[in-house]
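What follows is each chain in one-letter form.
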Amino acid sequence: MRLAAAGAVLIALGHGTVAGDDDLFPLGPMVQYAFSIPPDGEIRSLFMAAETAAGTRVEIPIEPSHVGIRRAELEGQLTRYVGDPSLLQELAKAYSRLQPQAPRLTKLYVITKVISLKDRRPASTRDVVRVSWSVR
């Protein structure tokens, strides 16, 4: 009986590895980790920044406790936000509700940090603003 169960698990694992996606995890790959970066490639990381009513620029964690969504959700919906920047207003509302002690936000930015590698070592860094919104 144990041998049959172990065989079924191995078959499921094999199928998940070859034909599966994140929905089959842990029997399928976590696609976010299933790639490598060339030695002279680029590392890209999404983050959110804001200007506050106090005139400061702050980084906003992309977490449910700060803006109501996870980073993966924002990454997955990024084309929607780029196509309709007003969607960032909801993130600003969530931030003011979830972080009532924080300064009021006046502008939100979704930015990709691009780290260029040379021989697997960081050679340069640049920020690319993907979308911005003046908070109402």
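(A) How the structure looks around the overall build of the chain. Secondary structure assignment for the chain yields five helices and four strands. Looking at the 136 residues of the chain, the share that counts as buried comes to 28%. Considering only intrachain contacts with a sequence separation of at least 6, the fraction spanning at least 24 residues in the chain is 56%. Roughly 9,200 Å² of accessible area belongs to the chain as shown, and the carbon and sulfur atoms make up 57% of that amount.

(B) Molecular detail of the sheet that holds strand β3 (residues 105-118). What the four strands build is an open sheet, ordered β2-β1-β3-β4; its pairing is antiparallel. The open sheet has two edge strands with one neighbour each: β2 (57-60) and β4 (121-134). Direction aside, neighbouring strands of the sheet carry axes that sit 35° apart on average. The pairing of strand β1 (residues 42-52) with β2 spans four bridges and is classified as antiparallel. Looking at β2, one finds that Glu51 is bridged to Arg57.

(C) Layout of the nonpolar core. Counting residues in hydrophobic clusters, the biggest one holds 21 residues, and the most contacted among them are Met48, Val67, Leu74, Leu88, Leu91, Leu108 and Val110. Residue assignment for this core shows that the elements contributing at least two residues are β1, α4 (78-83), α5 (88-98), β3 and β4. Of all the elements, α5 adds the most residues to this core, at four residues. Those residues in contact with Val110, other than ones at most four positions away along the chain, are Leu46, Phe47, Met48, Leu74, Leu78, Leu88, Val128, Val129, Arg130 and Val131.

(D) Representation of unusual backbone geometry. The phi dihedral of Asp119 is positive, around 55°, even though this residue is not glycine. Its place among the elements puts Asp119 in the loop between β3 and β4. Relative accessible area serves as the criterion here: at 55%, Asp119 is assigned to the exposed category.

(E) Just the pairing of β1, in detail. Sheet topology note: the β1/β3 ladder contains 11 bridges and is antiparallel. The residue of β3 that forms the bridge with Glu42 is Ser116. Hairpin connection of β1 to β2: four residues between the antiparallel strands, including Gly55 at a positive phi of 85°.

(F) A look at the environment of Leu88. The topology assignment puts Leu88 in helix α5. What makes Leu88 buried here is its relative accessible area of 0%. Once the C-alpha coordinates of Leu88 and Val131 are considered, the two residues, 43 residues apart in sequence, prove to be 8.9 Å apart. If sequence neighbours within four positions are ignored, Leu88 has contacts with Tyr81, Leu108, Val110, Val131, Ser132 and Trp133.

About the cut-offs
Residues numbered from 1 in each chain as written. Predicted model: local features only at pLDDT ≥ 70, side-chain atom pairs only at ≥ 80, totals over all residues. Heavy atoms only, no water. Helix = DSSP H or I, 4+ residues; strand = E, 2+ residues; numbered from the N terminus. Buried < 20%, exposed > 50% of the residue type's maximum accessible area, 1.4 Å probe, protein only. Contact = heavy atoms within 4.5 Å. Areas by Shrake-Rupley, 256 points an atom, 1.4 Å probe, with all protein chains shown as cover. Pairing = 2+ DSSP bridges. Axes fitted to C-alpha atoms, helices over the stretch in contact; angles between N-to-C directions. Core = buried A, V, L, I, M, F, W, Y, C linked by side-chain atoms within 4.5 Å.

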